[in-house]
Amino acid sequence: LNFLLLIHCFIPSHSLTTGTTPPPATTSSSRTASSWTIPKNVKFGKLSNLEFLPIQDDDGTNMKDETTTALVEESQRIKVATAAIGLNFADVFTVLGLYKAANLVRTGNNGKDTSNSGGGILDPFVPGIEFAGVVLEANGDFTKGDRVFGFTRFGAYSDIVSTRPEFIRKIPNKWSFEQGAAFLVNALTAWHGLVNVGGMPDLLSKHRKKNDNGNQKDIYVVVVHSASGGVGLWASEIAARRGAVVVGVVGSEEKKDTFMKRVGTLCNGDAAQCIVRSNNARDFDRDLAEACQKARHLSQRSSGGGVSSTAAQHQQSLPFFSTCLQTAEAGYGADLVMECYGGKYFAPSMEVINPGGSLSTYGATTYNDSGLGEGIPFVSLILNYIRRPRVD
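Here the residue numbers are simple positions, counted from 1 along each chain's written sequence. Local features in a predicted model are, by the rule used here, given only for residues with pLDDT of at least 70; side-chain atom pairs are given and counted only at 80 or more, and totals for whole chains, interfaces and linings are based on all residues. Each side-chain value is derived from all of the structure's non-hydrogen atoms; neither hydrogens nor water enter the calculation.

Moving on, we come to the pattern of salt bridges. Salt bridge criterion: a side-chain nitrogen from Lys or Arg within 4 Å of a carboxyl oxygen from Asp or Glu. In the structure shown here, the tally under the stated rule is seven salt bridges. Among the charged side chains, a salt-bridge network with shared partners connects E237, R241 and R262.

Here it is in structure tokens:
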């Protein structure tokens, strides 16, 4: 991605895991190894299309790339008996037919998506992109019995996952299988949005040049939507550990407590801020503007230097500015926003960005229909698409 929009690059916001007793490091079992599968020639579109079927030796759907029909050679794979899998929004989108990469994998049409058009043969398909388990056969740096977690381009909803060795890592000793399976998608999405897309610097780097005030550390404010969710918590922690002051946006007071316990102590003094998202767009604009100003002011005060005269004069009367746009124009806004709400929350989140700042979009939760059932809510999707905010 060469532009500042991260839309479903990995996955939107939450990950859950389902775990069982860790399987023995062997392929023999009293039960036939199986996987949750969309059967051959059954179209995407309903969650009920998934069936728990015996693994087919010639399946290999998790080893295909969406731009080619070639399969990875068996000698280049490593087999893992899964103990836990990650459950992500993207897996639901995949089964509903809303994830283009999966459609291309099923058809092998080198870029032509015909999975739901009625043309061509549809291969069996196993969803899932992250997992944890035990290595079944030694390969490369991995030996039989190693506890590992990993990523695969689909196919994780299975008793046995076959993937490339470079896509797995050994699980830290203190981690459970569930923790390993829930880590990669959330953490990689957060890192990619912050660093690769948003361009966030490492403010604590020893090689970073000092600013005009003689301080090595600048005040860098990051706003994170859904800050108590899977991606949001990782984005908040990564940003804080790289030296930023984080302003979290959450949906309830309970989630606010979760954010503050994990992120609050990582920022300068009491500079970390967290607001509960208001249903009123004007109130949200005001709350976000105030939180960004407080975060920057408190961070300046706790750093012991670089406090502007304006901040010193008004430290007892925050906020200085009542809207996000005014806040950013004065340089008291955010330097980076990790945005996933969309809708009425998008404009304030865009307007609060200081000149030269960045916005990374990693989801669009306001467009999700909580009552969608197992099908696709076409009417609400179309209406939300027509009403979507436009940055141009």
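Now that the structure has been shown, we can carry on.
Attention now moves to the confidence of the model for the protein. Within a predicted model, pLDDT stands for the predictor's per-residue confidence, ranging from 0 to 100. Residues at a pLDDT of 70 or more form 73% of the protein, whose mean pLDDT is 80. Counting contacts from residues 58–70, a segment whose pLDDT is below 50, to residues more than four positions away or on other chains yields 37 contacts. When checking whether two residues touch, look at their non-hydrogen atoms; a contact exists if any pair is within 4.5 Å.

Here we take up the environment of S35. Think of it this way: any DSSP run of H or I at least four residues long counts as a helix, any run of E at least two long counts as a strand, and we number them from the N terminus. Within the secondary structure, S35 is located in strand 2 (residues 34–37). We call a residue buried when its accessible area falls under 20% of the maximum for its residue type, exposed when it is over 50%, and partly exposed in between, using a 1.4 Å probe and counting protein chains only. Among the residues examined, S35 registers a relative accessible area of 2% and is labelled buried. Between the C-alpha atoms of S35 and P127, which are 92 residues apart in sequence, the distance is 9.2 Å. Those residues in contact with S35 that sit more than four places away from it in its chain are E51, F52, L53, I55, V126, Y157 and S158. One polar contact links S35 to T37, side chain to side chain, over a distance of 2.9 Å. As used in this structure description, the phrase polar contact means that two N or O atoms lie within 3.5 Å; if the pair is within protein, one of them must be able to donate a hydrogen and the other to accept it, and residues adjacent in sequence are counted only when both atoms belong to side chains.

What goes into a patch is any residue over 30% in relative accessible area without a salt bridge, connected to like charges within 9 Å or, for nonpolar side chains (Val, Leu, Ile, Met, Phe, Trp, Tyr), within 5 Å. To be clear on the numbers: accessible area is Shrake-Rupley with a 1.4 Å probe, and residue cover counts the displayed protein chains and nothing else. A contiguous nonpolar surface patch, about 470 Å² in accessible area, is contributed by F378, I382, Y385 and I386. The residue Y385 is located in helix 11 (residues 378–386) in this model.

Each nonpolar core is a collection of buried residues, namely Ala, Val, Leu, Ile, Met, Phe, Trp, Tyr and Cys, held together in the definition by side-chain atoms within 4.5 Å. If you look at the biggest cluster of nonpolar residues, it comprises 50 residues, and the most contacted ones within it are L194, M200, V222, V223, V246, V247 and L288. It is helix 7 (residues 281–303) that contributes the most residues to this core, seven residues altogether. Filtering out sequence-adjacent residues up to four positions away, V246 remains in contact with V222, V224, S236, A239, A240, F259, V263, C267, A272 and Q273. Ranked by size, the runner-up nonpolar core spans 21 residues in total, among them F44, V95, A132 and V185.

Look at helix 5 (residues 230–241) against helix 6 (residues 253–263): their axes get within 10 Å of each other, and the N-to-C directions meet at 30°. Regarding the angle of helix 5 to helix 6, the classification is roughly parallel. Helix 5 and helix 6 meet at a crossing whose hand is right-handed. From helix 5, L233, W234, S236, E237 and A240 reach across to helix 6, where they touch T258, F259, R262 and V263. Per-class residue counts for the contact of helix 5 with helix 6 are five nonpolar, two polar and two charged. Between N-to-C directions, angles cover 0 to 180 degrees, with each direction set by a line fitted to C-alpha atoms, over the stretch in contact for helices. Each angle is binned into one of four classes, with values under 35 degrees roughly parallel, values over 145 roughly antiparallel, values of 65 to 115 roughly perpendicular, and all other values oblique. With the far helix as reference, a near helix turned anticlockwise by less than a right angle produces a left-handed crossing, and one turned clockwise produces a right-handed crossing. Just so you know the grouping, Ala, Val, Leu, Ile, Met, Phe, Trp, Tyr, Cys and Pro go in nonpolar, Asp, Glu, Lys and Arg go in charged, and all remaining residues, Gly too, go in polar.

What follows is about the sheet that holds strand 13 (residues 353–361). The strand order 11-10-9-12-13 describes an open sheet built from five strands, whose pairing is parallel. The sheet is open, and its two edges are formed by strand 11 (273–276) and strand 13, each paired on a single side. The average angle at which neighbouring strand axes cross in this sheet is 15°, direction not considered. Each of strand 9 (221–225), strand 12 (334–339) and strand 13 touches helix 4 (residues 184–197); the most contacted strand, strand 12, lies at about 145° to it. Running at roughly 170° to strand 11, helix 6 makes contact with strand 10 (245–250) and strand 11 of the sheet. At least two DSSP bridges between two strands are needed for those strands to be called paired.

You can see S299 is positioned in helix 7. For S299, a relative accessible area of 0% translates into the label buried. Discounting chain neighbours no more than four positions away, the residues touching S299 are I219, V245, N268 and A271.

A few words on the packing of helix 4 against helix 5. In contact at an axis separation of 8 Å, helix 4 and helix 5 are set at 55° when each is read in the N-to-C sense. By the angle between their axes, helix 4 is oblique relative to helix 5. For the element pair helix 4 and helix 5, the recorded crossing hand is right-handed. For the pair helix 4 and helix 5, contact is made by N186, A187, T189, A190, W191 and L194 and by G230, V231, W234, A235, I238 and A239, respectively. Along the lines of polarity and charge, the residues of the contact of helix 4 with helix 5 split into nine nonpolar, three polar and no charged.

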